[in-house]
Amino acid sequence: MKLLDKIDRKILRVLLGNARLSNNQIAETVGLSQSPCWQRIRRLENDGFITGYVAMLDQSLLGAAETVIIEVTLDRHDDEILETFGQAMASLPEVLEVYLTTGEYDYLLKVAVDGTAGYEEFLRKKLYKVPGIRHSRSSFTLRCLKRMHSIVPGDV
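Counting from 1, residues in each chain are numbered in the order their sequence is written. The predicted origin of the model limits local features to residues at a pLDDT of at least 70 and limits the giving and counting of side-chain atom pairs to 80 or more, whereas totals for whole chains, interfaces and linings rest on all residues. Each side-chain value is derived from all of the structure's non-hydrogen atoms; neither hydrogens nor water enter the calculation.

Novice: How do you make sense of the overall build of the protein chain when you look at a structure like this?
Specialist: Under the scheme used here, helices are H or I runs from DSSP no shorter than 4 residues and strands are E runs no shorter than 2 residues, and both carry numbers assigned from the N terminus. When helices and strands are tallied, the protein chain shows five helices and four strands. From first element to last, N terminus to C terminus, the protein chain shows the α and β order α-α-α-β-α-β-β-α-β. Over its C-alpha atoms, taken along the principal directions, the protein chain stretches across nearly 55 × 35 × 25 Å. Note on definitions: a residue-residue contact is assigned when non-hydrogen atoms from the two residues lie within 4.5 Å. When contacts within the protein chain are restricted to residue pairs at least 6 apart in sequence, long-range pairs at least 24 apart make up 66% of them. His residues and chain termini do not enter the charge count, which takes Lys and Arg as positive and Asp and Glu as negative. To locate a charge, take atom NZ for lysine, CZ for arginine, CG for aspartate or CD for glutamate. Taking the average location of the 20 positive side-chain charges in the protein chain and that of its 21 negative ones, the two points are 8 Å from each other.

Novice: Got a minute to help me understand the side chain of Glu94 in this structure?
Specialist: For Glu94, the position within the fold is in the loop between α4 (79-91) and β2 (95-100). With a 1.4 Å probe rolled over the protein chains alone, any residue whose accessible area is under 20% of its type maximum counts as buried; one over 50% counts as exposed, and the rest are partly exposed. Relative accessible area serves as the criterion here: at 18%, Glu94 is assigned to the buried category. Side-chain polar atoms of Glu94 contact the side chain of Lys126, separated by 2.5 Å. Contacts of Glu94, omitting those with residues within four sequence positions, involve Lys110, Val111, Ala112, Phe122 and Lys126. Counted as a polar contact is a pair of N or O atoms within 3.5 Å, where, for protein atoms, one must be capable of donating a hydrogen and the other of accepting one, and residues adjacent in sequence contribute only when both atoms are in side chains.

Novice: Would you mind showing me how to read helix α1 (residues 6-17) here?
Specialist: Note: α-helices contain 3.6 residues per turn, so residues at a spacing of three or four share the same orientation. The first and last C-alpha atoms of α1 sit 17 Å apart over 12 residues, in line with the 16 Å expected at 1.5 Å per residue. Restricting attention to buried positions, one finds in α1 the residues Ile7, Asp8, Ile11, Leu12, Val14 and Leu15. All buried residues of α1 fall inside an arc of 160° around its axis, so they share one side. Exposed and oriented more than 90 degrees from the buried face of α1 are Lys6 and Gly17. Structurally, α1 contributes buried residues whose contacts are with α2 (23-30) and α3 (34-46). One side-chain oxygen of the residue at the start of α1 lies 3.1 Å from the amide nitrogen of Ile7, identifying that residue as Asp5. To estimate the expected span of a helix, subtract one from its residue number and multiply by 1.5 Å. Directions drawn from the helix axis to the C-beta atoms are what define this arc.

Novice: Mind showing me how you'd approach the environment of Ile81 here?
Specialist: Its place among the elements puts Ile81 in helix α4. Sequence spacing of Ile81 and Val130 is 49 residues, and the spatial spacing of their C-alpha atoms is 9.7 Å. Residue contacts for Ile81: discarding those within four places in its chain leaves Leu74, Arg76, Pro131 and Gly132.

Novice: Please explain the side chain of Thr67 as it appears in this structure.
Specialist: Relative to the elements of secondary structure, Thr67 occurs in strand β1 (residues 66-74). Residues contacting Thr67, with those up to four places away along its chain left out, are Gln59, Lys110, Val111, Ser139, Phe140 and Thr141.

Novice: Teacher, can you tell me more about the nonpolar core here?
Specialist: A general tendency of soluble globular proteins is for nonpolar side chains to be buried together. Buried residues of nine kinds, namely Ala, Val, Leu, Ile, Met, Phe, Trp, Tyr and Cys, make up a nonpolar core once their side-chain atoms join them within 4.5 Å. In this structure, Ile70, Val72, Phe85, Met89, Leu109, Phe122 and Leu127 are the most contacted members of the largest nonpolar core, which totals 20 residues. Among the elements of the structure, β1, α4, β3 (107-113) and α5 (115-125) are those that each provide at least two residues to this core. With sequence-adjacent residues up to four places away left out, Phe122 is seen in contact with Ile70, Leu92, Glu94, Val95, Val111, Val113 and Leu127. Core analysis: the second largest hydrophobic core is formed by 12 residues, Leu12, Leu15, Ile26 and Cys37 among them.

Novice: I tried to follow the packing of aromatic side chains on my own but got confused; where do I start?
Specialist: Two numbers describe a pair of aromatic rings. These are the distance of the centres and the angle of the planes. Two rings from Phe, Tyr or Trp (for Trp, the six-membered ring) form a pair when their centres are within 6.5 Å of each other. A pair whose planes differ by under 30 degrees is stacked, one over 60 is edge-to-face, and the rest are tilted. In this structure the tally under the stated criterion is two aromatic pairs. Ring centres 4.4 Å apart and planes at 40° place the aromatic pair Phe85 and Tyr107 in the tilted group. Of this pair, Phe85 sits in helix α4 while Tyr107 is found in strand β3, placing the two residues 22 residues apart along the sequence. Tyr107 matches Phe85 in its accessibility class, with the two residues each being buried.

Right, here's the structure in full:
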């Protein structure tokens, strides 16, 4: 795997800002002709630097305007419970992100819900049905101040 050079980092920054740009637009922005730009993008994909492309959706227009951060502690930490919990979280559409963490709680969840009623329904009908949960603590977010899906190349 080749290390990233200045042009690779420029390409990644451009794609991070707008992945819908054409190869021609990207090439023009980073100062390459189309063919070398396309080859670099394919290499970045093949080498795993680019893992996919997504559309950003408006949660509130989809009926889940609130984001809740939930910290979860499990009863035990054996492989069966960890696997069951992971599979359950992956299957819940409201769960946007799941992190196995260190510290007081075992997992951190980012969940999209439709207000407090949607949150209560998520807790009672979904999360608390998952075996192995000992305790959870939740916080509603008030406003998102920054949303990135990756670090910006060159800023680290």
